[in-house]
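Each chain, letter by letter, is given below.
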Amino acid sequence: MKILVVGTGGRLGAALAREFKEYDVTGFNRAQLDLSDLHDLRTKLRPMVFDVLINAAAFTNVDACETERDRAFLINGEAPGVLAKICNTKDAKLIHFSTDYIFGGEKRTPYTEEDEANPISVYGESKLIGEKNVLAAGDHHLVVRVSWVFGPDRPSFIDAMIKRAQEKEKVDAIGDKFSTPTYTHDIAGMLPQFFDRAFESGIIHFANAGKCSWQEYAQWALDCCRDAGIPLKTTQVGTLTLRNMSNWVARRPVYSVLSTAKYTELSGTAPRAWREAVADYIRRSYSKK
Ligand SMILES: NC(=O)c1ccc[n+]([C@@H]2O[C@H](COP(=O)([O-])OP(=O)(O)OC[C@H]3O[C@@H](n4cnc5c(N)ncnc54)[C@H](OP(=O)(O)O)[C@@H]3O)[C@@H](O)[C@H]2O)c1
């Protein structure tokens, strides 16, 4: 099976390209394939032969999307639709990644695939348009919504918290915003079952199991580091509230936990708990440093 991965310079795309060892994978980073150049996309992909195209590239800077609206809609909204149409000409399946930020955050129980999207940021709006364009292009494509992605290929929130605890006596994180961390290694592990065109199309949610605030997430990361003997200047994470975040440009959903019930029903397996995934990440990526 021939797989193309777009976005291999990023946290998720790099992990997928690295972990899909048993497949014939061709990866593209931004320099090799620029989603903001639709003509270039068509020209470069048209001669290629592939069965599955995975799009892990996106304009992911949530605050920058507010001020660079046109760019956000082009990269996150329009380009995924073009990728889907290119896939149609090859009889290939597009697996496109989306986000919990397409939800508004009003609920207090996990969001299902049937819940109505209500984005409250340009990033969320542009990603929702991307989803719609992909699904409108063909009924065999798949949108995978994930949340709070972490992994070794590009630092994220968890790495920033660990670094801070290694350098400073004080670490704080937001305690009143909730979702679920998701390990790129776990996404890479579950994704191949969806390469089969007949297996599933439409929208699927995937995240590690459970729910936490950023404060709980950071605290658990420091607990794991302490247990692994990784030297830290502090092991306690203080609590901030969303009201403290006056430097944010974009609004963010206060609750965006994704229900993975559909994934579990389809695959017959439940994602592992976020605490277990974080502990595994710290063991693999920090213990040996
Ligand atoms: N990170 C999260 O917490 C999170 C949460 C929910 C959903 N997601 C979704 O998961 C997917 C993967 O995100 P990630 O965490 O891997 O983000 P990431 O590390 O920011 O990776 C995104 C990649 O897209 C590339 N990119 C940006 N503009 C591009 C363009 N015009 N053409 C081609 N490539 C371009 C970036 O290039 P550079 O390397 O040059 O920056 C980067 O390599 C995205 O669809 C994102 O919306 C992420």
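Criteria and thresholds
Residues numbered from 1 in each chain as written. Predicted model: local features only at pLDDT ≥ 70, side-chain atom pairs only at ≥ 80, totals over all residues. Heavy atoms only, no water. Core = buried A, V, L, I, M, F, W, Y, C linked by side-chain atoms within 4.5 Å. Buried < 20%, exposed > 50% of the residue type's maximum accessible area, 1.4 Å probe, protein only. Contact = heavy atoms within 4.5 Å. Salt bridge = Lys/Arg side-chain N within 4 Å of Asp/Glu carboxyl O. Helix = DSSP H or I, 4+ residues; strand = E, 2+ residues; numbered from the N terminus. Near = heavy atom within 4 Å. Polar contact = N/O pair within 3.5 Å; in protein donor to acceptor, adjacent residues only side chain to side chain. Areas by Shrake-Rupley, 256 points an atom, 1.4 Å probe, with all protein chains shown as cover. Phe/Tyr/Trp six-rings, centres within 6.5 Å; stacked < 30°, edge-to-face > 60°. Lys NZ or Arg CZ within 6 Å of the ring centre and 35° of its normal. Axes fitted to C-alpha atoms, helices over the stretch in contact; angles between N-to-C directions. Parallel < 35°, antiparallel > 145°, perpendicular 65-115°, else oblique. Left-handed = near helix turned anticlockwise from the far one by under 90°. Nonpolar A, V, L, I, M, F, W, Y, C, P; charged D, E, K, R; others polar. Pairing = 2+ DSSP bridges.

*Asks:* Outline the nonpolar core, listing residues and values.
*Replies:* One broad trend across soluble globular proteins is that nonpolar side chains are buried collectively. Ranked by internal contacts, the top residues of the largest apolar core, which has 61 residues, are L53, I158, Y217 and I282. What I158 contacts, discounting residues up to four positions off in sequence, is F150, Y217, A221, V278, Y281 and I282. If you look at the next biggest cluster of nonpolar residues, it comprises 23 residues, including V5, F20, F97 and F195.

*Asks:* Give me the lowdown on the pattern of salt bridges, citing residues and values where you can.
*Replies:* Summed over the entire model, instances satisfying the criterion amount to 19 salt bridges. Across the pair D153 and R18 runs a salt bridge, and its minimum N-O distance is 2.4 Å. Of this pair, D153 sits in the loop between β6 (149–150) and α6 (157–167) while R18 sits in helix α1 (residues 11–19); the two residues are 135 residues apart in sequence, bridging distant segments of the chain. A relative accessible area of 28% means that D153 is categorised as partly exposed. Linking R226 and D227 is a salt bridge whose minimum nitrogen-to-oxygen distance equals 3.3 Å. Of the residues examined, R226 reaches a relative accessible area of 42% and is grouped as partly exposed. It is possible to trace a salt-bridge network through shared partners that takes in D186, R272, D280, R283 and R284.

*Asks:* Can you explain the site of the ligand? Please cite residues and give values.
*Replies:* With respect to spatial proximity, 25 residues lie near the ligand, and among them L35, T60, Y123, K127 and R154 are the closest. R30 places a polar side-chain atom, nitrogen or oxygen, 2.8 Å from an oxygen atom of the ligand. If the ligand stood free it would expose 890 Å²; the protein chains cover 87% of that surface. Put simply, the parts of the chain that give the shell around the ligand at least two residues each are α1, β4 (93–99) and α5 (122–137).

*Asks:* Any details on the packing of aromatic side chains? Residues and values, ideally.
*Replies:* Aromatic ring pairs are reported here in terms of the distance separating the ring centres and the angle at which the planes meet. Taken as a whole and assessed by the stated rule, the structure comprises 20 aromatic pairs. Considering the side-chain rings of W214 and W248, the 5.9 Å spacing of their centres and the 85 degrees angle between planes classify their relative orientation as edge-to-face. Of this pair, W214 sits in helix α8 (residues 214–227) while W248 sits in the loop between β12 (237–240) and α9 (261–267), and the two are 34 residues apart along the sequence. Three or more aromatic residues joined by ring pairs form one cluster here, namely W148, F150, F157, Y183, W214, Y217, W248, W274, Y281 and Y286. We note R275 situated over the ring of W220; from NZ or CZ to the ring centre the distance is 5.0 Å.

*Asks:* Could you give an account of the side chain of S259, with specific residues and numbers?
*Replies:* By the element assignment, S259 lies in the loop between β12 and α9. Classification of S259 as buried rests on a relative accessible area of 12%. In this structure S259 touches P110, Y111, T112, E113 and H205, once residues within four positions along its chain are discounted.

*Asks:* So what about α1? Which residues, and what values?
*Replies:* In an α-helix, one turn spans 3.6 residues; hence positions three or four apart end up facing the same way. Where α1 is concerned, the buried positions are L12, G13, A14, A15 and L16. On its buried face, α1 is in contact with β1 (2–6), β3 (52–55), β4 and α7 (184–190).

*Asks:* Run through the packing of helix α4 (residues 69–90) against α5, naming residues and quoting values.
*Replies:* At a minimum axis separation of 8 Å, α4 and α5 run at an interaxial angle of 15 degrees. Comparing the axis directions of α4 and α5 gives the class roughly parallel. Once α4 is placed against α5, the crossing between them reads as right-handed. Counted together, R69, A72, F73, N76, G77, E78, P80, G81, A84, K85 and N88 of α4 and V122, Y123, E125, S126, K127, I129, G130, N133, V134 and A137 of α5 form the full contact between these two elements. Looking at side-chain class alone, the contact of α4 with α5 contains 9 nonpolar, 7 polar and 5 charged residues.

*Asks:* Requested: an account of the sheet that holds strand β10 (residues 202–205), with residues and values cited.
*Replies:* With parallel pairing, 6 strands are arranged side by side in an open sheet as β2-β1-β3-β4-β5-β10. The open sheet has two free edges, formed respectively by β2 (24–28) and β10, since each of these has just one partner strand. The average angle at which neighbouring strand axes cross in this sheet is 20 degrees, direction not considered. Sheet topology note: the β4/strand β5 (residues 142–146) ladder contains 5 bridges and is parallel. Considered in β5, the bridge of I95 is made with L142.

Interpretation note: all reported values are geometric properties and have no functional meaning in isolation.
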